[in-house]
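Structural characterization, general
Chain by chain, the residues run as shown.
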Amino acid sequence: MLVAAAACPCPPLLVPEVAAGAAPELAAARDACADALGVLAASRPDLLVVVGPAEDGGHGAYAEGTPGSFRGFGVDLGVRLGRGGGTPPAPPQRTLPSSLAVAAWLLERTDWSDTPVRGLAVPEPFTAERCRSAGAEAAGQAARVALLVMGDGSACRTLKAPGYLDERAVAFDAEVARALGAADVAALRALDAGLARELKVSGRAPWQVLAGAAEDAELGGALLYEDAPYGVGYMVAAWS
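Residues numbered from 1 in each chain as written. Predicted model: local features only at pLDDT ≥ 70, side-chain atom pairs only at ≥ 80, totals over all residues. Heavy atoms only, no water.

Our next topic: the packing of helix 4 (residues 128-139) against helix 8 (residues 204-213). For the pair helix 4 and helix 8, interaxial distance at closest approach is 6 Å and the crossing angle is 55°. Relative to helix 8, the element helix 4 is oriented oblique. The two elements helix 4 and helix 8 meet at a crossing, and its hand is right-handed. For the pair formed by helix 4 and helix 8, the contact residues are A128, C131, R132, A134, G135, A136 and A139 on the first element and R204, A205, Q208, V209, G212 and A213 on the second. (Axes fitted to C-alpha atoms, helices over the stretch in contact; angles between N-to-C directions. Helix = DSSP H or I, 4+ residues; strand = E, 2+ residues; numbered from the N terminus. Parallel < 35°, antiparallel > 145°, perpendicular 65-115°, else oblique. Left-handed = near helix turned anticlockwise from the far one by under 90°. Contact = heavy atoms within 4.5 Å.)

This part takes up the layout of surface pockets. Its boundaries defined by the atoms lining it, the largest pocket holds a volume of some 570 Å³. Looking at the largest pocket, it is lined by 31 residues, and the ones nearest its centre are P53, A54, K200, V201 and S202. Only helix 3 (98-109), helix 7 (193-198) and helix 8 provide two or more residues apiece to the lining of the largest pocket. Of the residues forming the lining of the largest pocket, the biggest block, 3 residues, is contributed by helix 8. One number sums up the size of the second largest pocket: a volume of about 180 Å³. Looking at the lining of the second largest pocket, the elements that each hand over two or more residues are strand 3 (60-62), strand 6 (117-122) and helix 4. A per-element tally of the lining of the second largest pocket places helix 4 first, with 4 residues. Of the residues in the lining of the second largest pocket, the class split is 7 nonpolar, 3 polar and 2 charged. (1 Å grid on protein atoms, 1.4 Å probe; cavity = no way out; pocket = protein on both sides within 12 Å on 5 of 7 lines; lining within 4 Å. Points joined across faces, edges and corners; volume = space filled by probe spheres on them. Nonpolar A, V, L, I, M, F, W, Y, C, P; charged D, E, K, R; others polar.)

Next up, the structure:
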């Protein structure tokens, strides 16, 4: 059963070593993520499931201890999912997609507890119904489950955004922020996958996994951060 959840953005720029001189620009987002993870820890879960957008060929489950790195972003920095207490996958070993690597870094930064951790990377083509099933399955893996859900909003908020300016982006992100802040499961489930794809939203499928996990949990939500640095929508929320 789901007892708590946190939604965080997943840009590698959250990691100061990656952001370098721009690191202060996301300091408020990092602090909000730490607060959200504090809500997860306070729920004393039996299992933490980290959900994030998959990269090409990297969807599926990731065991505790799976390694990741930010070398693809020019930084010689490695992470592991959780404390590594589980048995890592047998060679040839997969590495974490960037969204789960950012989550692993957040967990290390907040000195996460010894609660077992598992990862789930969700591909963008997953339908709302398939995400719902994945969320229900995740919530059923232990008596007390917490979710850390990684994903960004639209990448079309400004002319210099990765997806250029799209006037629909502000309204889309505002509805996501409202739904995350209100723990509105129905609104997350109703997100338009086609529009999300056009707006280059990475969080749609992970948020709909959260909706599936939280369907009968009756959790309350709080929006801790919402902004669009670099023209990309970033939201942080905590559910308990």
